[in-house]
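Chain by chain, the residues:
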Amino acid sequence: MTTPAKTEAPRVDQFLMAAEERFDRWRALLQAARTWERIVNQQDPTKGEHQASVSKLFQELLQWEDFFAYPGQPLLKLLGARVTSGDAIGAARLVQSISNALLTHSYRSSVADWEGEEQSSINLGEGVPGAEERAAQRPYFEVLVVSPARPAAWQELAQDLRRLRRPLDKFMYEPVFVNSFEDAVLATILNGSVEAVIIYEGIPLASSHHSPVLRQFLTSHLAASGMDSNLADYSLALAQGLKQLRPELDIYYLSDRQVEKLAGDVSADCIRRVFYQVEEPLEMHLSILDGVADRFDTPYFDNLQKYAQRPIGTFHALPIARGKSIFKSNWISDMGKFYGINLFLAESSATTGGLDSLLEPTGNIKVAQEKAARAFGADHVFFVTNGTSTSNKIVEQALLAPGDIMLVDRNCHKSHHYGAVLSGAYPLYVEAYPLTQYSMYGAVPLRTIKKALLDLKAEGRLDRARLLVLTNCTFDGHIYNTERVMEECLAIKPDLIFLWDEAWFGFARWTPFYRRRTAMGAAASLEKKFKDPAYRAAYKEQEKKLGADLKASEKTLLETRLIPDPEKVRLRVYQTNSTHKSMSCLRQGSMVLVKDQDYHTVEEQFHEAIFTHASTSPNLQIIATLDVARRQMELEGYELVNRAIQLALDFRREVKSHPLISKYFRVLGADELIPAEFRNSGFVDYLAPGVNWATAVKALRDDEVALDVTRLTLVCGSAGFDGTQFKSLLAADFDIQLNKTSRNSVLLQTNINNTRSDIAQLIKVLVQISQGIEKKIGEGGGAAKQAFEARVKSLMTDVPDLPNFSSFFEQYREDPSSKTSEGDMRSAFFAAYRQQQCEHVKLSSPEIDKRLKSGPELISANFVIPYPPGFPIMVPGQVINAETIGFMRKLDVKEIHGYNASLGLKLLNPAALQSAKTQSGSGARAGKNAKHKSAAG
Ligand SMILES: Cc1ncc(COP(=O)(O)O)c(C=O)c1O
């Protein structure tokens, strides 16, 4: 099968989402076929040209169709014959019915769709009465069969599989046949409906598809997943590789040799079951269904549904359970109507009756959490029903004891700062690079983190550095090179623990492009690396150069890509994610993922932390949707996440190329959000000229920081709107809600819930707004133009510098002369509970300027967090400097948590602190060289 040769590699935005691309191709074919049909009976001299054009589109489309079960070879053959024989009417009719079936997914349950118009070769239930209705209710999926058999045998093999169907089957599947390693990879990438793969031994490597487009696509995906196609045994290599691309797939292996040996081989861990050729076809059929059932099974949700069906008398403290006080009410029955009966039937405060206890799960919550651990690649998962705000505090309380040092991005979510207060750990703030023009921060440079660790080492306090907390990805889409960060930090401190706050990034597990940059993806890769003899050898080489305890100069260590000693390293990785932010889960549903080889040493305190923070009345519906969100991602996450990424790329491309929209708006690319020094590969942006999959994949693999394309920073300052104004305009006039704002931008985001229509709507709105601006400027004459330009200039250039963290007041530092700035924030926080130690000074008062000049120092009594940008510009015990005051005075936002303009800044009074310290004889932790030993396990 060939297509006209294309020399250009496919652009990033072209081939991510094969499903959409495929629909478009069918739609284009339909249009061409209809035009041909219209003129076929007329004396039109272009008839032949129309037929040729339909034939060309059909041939182009065919290269994709081999990877999907529907429409399948019989219908495609029939269509091909109609096109070749000049049957325009028949061809148009068939294309119409296929493309409709594809668009509506009706082929998943309708026998008629598979029949074309004449034939019925597919058996959906062996003629059992009611088979069609049953089929209609059964979820449908596809099974990829990778067999060296000749294509001529495929139809028969497919019929053999179909004959195994039974009315009792919970699911329906159709096989898709390919006969090489490369085609199997392509099918797995392109076809999101594939849930299981059967691999026969002895498959060849090379694809039978000679399309350069598919070749390019394949090469870059192989690179993205780190798959190795150079192995001797392609069948086993394929099994291992497909697991890297899509870990959720069930893989079955058919061999005619020593299957017992293979089954016991550790390299075959990725295989769910090994069969001796097709000795037991029914067993295989049942295994396939069982594998999917295992993912489909949602133990907590399933049980909750059963519970809701039972007649239960409740004498506990939850009147809404069963809903009687609601449905019978004279006044609130509308609440019942609105939410429906199930919400109330599924409510209980009991942990008996199979409902299990979130705080001490032993039943179906435990199983649901274990399934989530499997799905997300963790050792343990804990469900949390109070959001990631709580998950973060749980992890920090569990891992940190008073006086431990927690290296943390100052621009992180406030829950981490509160985590430091609660645990008594000393935050050592590491600064992210500022993006001043857009009033936001990026990621923390690895060099900054390494420097902080090396400084602690130089000052003899490295033993107290226990946890590194980073946000991955950040609100605005900066993704860390998690693997590299952990490797280099572990080289300096082999037992450092990592908490990756992936509040926004839970979905990333489900695409091979981002998975390696997630906490769990990187942890899995490191786990493998640390066992690799080649890694040990590389470490020995490094040891020769830098010494076992990294004695080289700081400059050398900062400039060297360090690797840890695999003999010493402890891999301890935690991830928190707001499941509700990126998956189908009710608000506040969150998970903590654990991959910690020393978890047993902190397990008790981990449970203690859960008891501290978790409500004793967790919401059952949140737990159930955490369970269901896992099911969905394991079964269709790959397809949904790909679509979200594709939609974001579509939006970026449309804004960039639209002549009117691009006059006023733009979406920031990687080049504008990530300074060049952190894009080591030289990557510019996903849509930059010349960028193709290969370059994008390389950037995602190598760069220090990458951009999550689904985070769309739309600059609106250039259209004369500040972020808040634009957000209100979209909400009030166009019913469009968005995420956060900055002085001159808004953050839009695509997720698994978005559709192409949503993007079309957004584009339409931007056109309308742009037309409005044009009209206003056009009708207002020179004055309006000048006013517009002045407003744009003010929004885009008159932006306040973002203040760095200054320092903690010396009383809150053990060694005020130390190079590192960690401090006892908890003591400062509680010092503010004594009114006599606090004072208020108005922001604009001359006293502030006087004290900035000649003291006494201004010490913040609490957190001050303006929205936007949403990070604390002051923390308790922080010395406030001129930079921070300058920023505060320039701020024009209404919402500033921790600041009451009528009272002024709340400060700790240094004299009062000093006298309290003298009186108590101790005060806050103080004293140079105070020795501390970490109390944590
Ligand atoms: C980085 C980060 N972490 C944690 C949270 C808190 O998550 P939740 O809203 O689930 O409590 C947020 C919320 O916006 C966040 O941005």
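Residues numbered from 1 in each chain as written. Predicted model: local features only at pLDDT ≥ 70, side-chain atom pairs only at ≥ 80, totals over all residues. Heavy atoms only, no water.

**Concerning the overall build of the protein chain**
Working step 1: Each helix and strand in the protein chain was counted, giving 37 helices and 26 strands.
Working step 2: Over its C-alpha atoms the protein chain spans a radius of gyration of 31 Å, differing by no more than 12% from the 30 Å that the globule rule assigns to 937 residues.
Working step 3: Taken along its principal axes, the extent of the C-alpha atoms in the protein chain is 100 × 80 × 80 Å.
Working step 4: By residue count, 57% of the 937 residues in the protein chain fall in the buried class.
Working step 5: Residue pairs at least 24 apart in sequence account for 74% of intrachain contacts in the protein chain once pairs closer than 6 positions are excluded.
Working step 6: Accessible surface, the protein chain: about 38700 Å² in total, of which carbon and sulfur atoms supply 52%.
Working step 7: Between the centroid of the 109 positive side chains of the protein chain and the centroid of its 112 negative side chains there is a distance of 4 Å. (Helix = DSSP H or I, 4+ residues; strand = E, 2+ residues; numbered from the N terminus. Rg over C-alpha atoms; globule rule 2.2 N^0.38 Å. Buried < 20%, exposed > 50% of the residue type's maximum accessible area, 1.4 Å probe, protein only. Contact = heavy atoms within 4.5 Å. Areas by Shrake-Rupley, 256 points an atom, 1.4 Å probe, with all protein chains shown as cover. Lys, Arg positive; Asp, Glu negative; His and termini not counted. Charge placed at Lys NZ, Arg CZ, Asp CG, Glu CD.)

**Regarding the packing of aromatic side chains**
Working step 1: One pass over the structure, following the stated rule, counts 36 aromatic pairs.
Working step 2: Judged by centre distance (5.6 Å) and plane angle (80°), the ring pair of Phe-376 and Trp-510 falls under edge-to-face. Within this pair, whereas Phe-376 is found in helix H17 (residues 364-376), its partner Trp-510 is found in the loop between strand S13 (497-501) and helix H22 (512-515), the two being separated by 134 residues in sequence. Accessibility classification places Phe-376 together with Trp-510 in one group, the buried group.
Working step 3: Geometrically, the ring pair formed by Phe-683 and Tyr-686 is edge-to-face, given 5.0 Å between the ring centres and 70° between the ring planes.
Working step 4: Tyr-686 sits in the buried class, given a relative accessible area of 6%.
Working step 5: What links up through ring pairs into an aromatic cluster is the set Tyr-70, Tyr-107, Trp-114 and Tyr-140.
Working step 6: Over the ring of Phe-68 we find Arg-22, and its NZ or CZ is 3.7 Å from the ring centre.
Working step 7: The lysine or arginine in question, Arg-464, covers the ring of Tyr-426, its NZ or CZ lying 5.5 Å from the ring centre. (Phe/Tyr/Trp six-rings, centres within 6.5 Å; stacked < 30°, edge-to-face > 60°. Lys NZ or Arg CZ within 6 Å of the ring centre and 35° of its normal.)

**Quick word on the pattern of salt bridges**
Side chains bearing opposite charge may pair, as long as their charged atoms lie close to each other.
Working step 1: Enumeration according to the criterion identifies 59 salt bridges in this entry.
Working step 2: Here Arg-631 makes a salt bridge to Asp-302, at a shortest N to O gap of 3.9 Å. Here Arg-631, found in helix H28 (residues 620-657), pairs with Asp-302, found in helix H13 (residues 299-309); they are 329 residues apart in sequence, far enough to count as distant.
Working step 3: Taking relative accessible area as the criterion, Asp-302 reaches 24% and is therefore assigned partly exposed.
Working step 4: Across the pair Arg-630 and Asp-627 runs a salt bridge, and its minimum N-O distance is 3.6 Å. With Arg-630 and Asp-627 both in helix H28, this residue pair falls three residues apart, about one helical turn. (Salt bridge = Lys/Arg side-chain N within 4 Å of Asp/Glu carboxyl O.)

**Quick notes on the confidence of the model for the protein chain**
Working step 1: When the pLDDT values of the protein chain are averaged, the result is 89; 90% of them are 70 or greater.
Working step 2: Here residues 923-937 is a poorly scored stretch, pLDDT under 50, and it has 39 contacts once near neighbours within four places are set aside; other chains count. (pLDDT = per-residue confidence, 0-100.)

**Here we look at the side chain of Ser-287**
Working step 1: Its location among the elements puts Ser-287 in helix H12 (residues 281-296).
Working step 2: Among the polar contacts listed, one links the side chain of Ser-287 to the backbone oxygen of Glu-283, at a separation of 2.8 Å.
Working step 3: Setting aside chain neighbours within four positions, we find Ser-287 in contact with Tyr-252, Arg-272, Arg-273 and Phe-275. (Polar contact = N/O pair within 3.5 Å; in protein donor to acceptor, adjacent residues only side chain to side chain.)

**Structural notes on the site of the ligand**
Working step 1: Taken together, Gly-387, Thr-388, Ser-389, Asn-392, His-413, Thr-471, Asp-501, Ala-503, Trp-504, Ser-578, His-580 and Lys-581 make up the full set of residues adjacent to the ligand.
Working step 2: Between a nitrogen atom of the ligand and a side-chain N or O atom of Asp-501, the distance comes to 2.6 Å.
Working step 3: Taking Trp-504, its side chain carries an N or O atom lying 2.8 Å from an oxygen atom of the ligand.
Working step 4: Summarising the interface, the protein chains cover 84% of the accessible area of the ligand, which totals 390 Å² for the free molecule.
Working step 5: Looking at the shell around the ligand, the elements that each hand over two or more residues are helix H18 (387-399) and helix H26 (579-582).
Working step 6: Among the elements that take part in the shell around the ligand, H18 stands out by supplying four residues, more than any other.
Working step 7: Residues belonging to the shell around the ligand are distributed by class as follows: two nonpolar, eight polar and two charged. (Near = heavy atom within 4 Å. Nonpolar A, V, L, I, M, F, W, Y, C, P; charged D, E, K, R; others polar.)

**A short note on the pairing of S13**
Working step 1: Among the five residues of S13, five are classified as buried, and the element is accordingly described as predominantly covered.
Working step 2: Residues Ile-497, Leu-499 and Asp-501 line one face of S13 and the alternating positions Phe-498 and Trp-500 line the opposite face, and both faces are buried.
Working step 3: Here strand S11 (residues 465-471) runs beside S13; their pairing, made up of five bridges, is parallel. Within S13, the position partnered with Leu-470 by the bridge is Trp-500.
Working step 4: Pairing of S13 with strand S14 (residues 572-577), which is carried by four bridges, proceeds in the parallel orientation. Bridge pairing links Leu-499 to Tyr-574 in S14. (Pairing = 2+ DSSP bridges.)

**Comments concerning the sheet that holds strand S6 (residues 380-384)**
Working step 1: One open sheet holds the seven strands; their spatial order is S6-S15-S14-S13-S11-S7-S8, and the pairing between them is mixed. This sheet does not close on itself; its edge strands, each paired only once, are S6 and strand S8 (426-430). Ignoring which end each strand starts from, the neighbouring axes of this sheet average 20° apart.
Working step 2: Where strand S7 (residues 405-409) meets S8, five bridges bridge the pair, whose relative direction is parallel. The residue bridging Leu-407 from the neighbouring strand is Leu-428, located in S8. (Axes fitted to C-alpha atoms, helices over the stretch in contact; angles between N-to-C directions.)

**A short note on the sheet that holds strand S5 (residues 273-276)**
Working step 1: Pairing is parallel in the open sheet, where five strands are placed in the order S2-S1-S3-S4-S5. The open sheet has two edge strands with one neighbour each: strand S2 (172-178) and S5. Across the sheet, the axes of successive neighbouring strands diverge by a mean angle of 20°, strand direction being ignored.
Working step 2: Two elements, strand S3 (residues 194-200) and strand S4 (residues 250-255), share five bridges in a ladder whose sense is parallel. From the neighbouring strand, Ile-199 faces S4, where its bridge partner is Tyr-253.
Working step 3: Against the sheet, helix H8 (residues 181-190) touches strand S1 (140-146) and S2, its axis set at about 165° to S1.
Working step 4: Where H12 meets the sheet, it contacts S1, S2, S3, S4 and S5, and its direction lies at approximately 160° from that of S4.

**With respect to helix H10 (residues 234-245)**
An α-helix turns once per 3.6 residues; consequently, residues spaced three or four apart project the same way.
Working step 1: An ideal rise of 1.5 Å per residue puts 16 Å on twelve residues; H10 measures up with 16 Å between its terminal C-alpha atoms.
Working step 2: Looking only at H10, the buried set comprises Ser-235, Leu-236, Ala-237, Leu-238, Ala-239, Gly-241, Leu-242 and Leu-245. (Expected span 1.5 Å × (residues − 1).)

**Structural notes on the nonpolar core**
It is characteristic of soluble globular proteins that their nonpolar side chains tend to be buried jointly.
Working step 1: If you look at the biggest cluster of nonpolar residues, it comprises 165 residues, and the most contacted ones within it are Tyr-514, Phe-651, Phe-665 and Phe-726.
Working step 2: Element by element, the count of residues in this core is highest for H28, at 15 residues.
Working step 3: Excluding its chain neighbours within four sequence positions, the residues that come into contact with Tyr-514 are Ile-479, Phe-505, Phe-507, Ala-508, Ile-645, Leu-700, Leu-707, Asp-708, Val-709 and Thr-710.
Working step 4: In terms of nonpolar packing, the next biggest core, distinct from the first, is built from 63 residues, Val-146, Ala-184, Val-194 and Leu-236 among them. (Core = buried A, V, L, I, M, F, W, Y, C linked by side-chain atoms within 4.5 Å.)

**Section: helix H4 (residues 88-104)**
Working step 1: With 17 residues, H4 should cover 24 Å at 1.5 Å per step; its first-to-last C-alpha distance of 24 Å lies within 8% of that length.
Working step 2: Inspection of H4 places Ala-88, Gly-90, Ala-91, Ala-92, Leu-94, Val-95, Ile-98, Ser-99, Ala-101 and Leu-102 among the buried residues, and these make up the whole buried set.
Working step 3: Positive backbone phi, at 65°, marks His-105, one or two positions downstream of H4.

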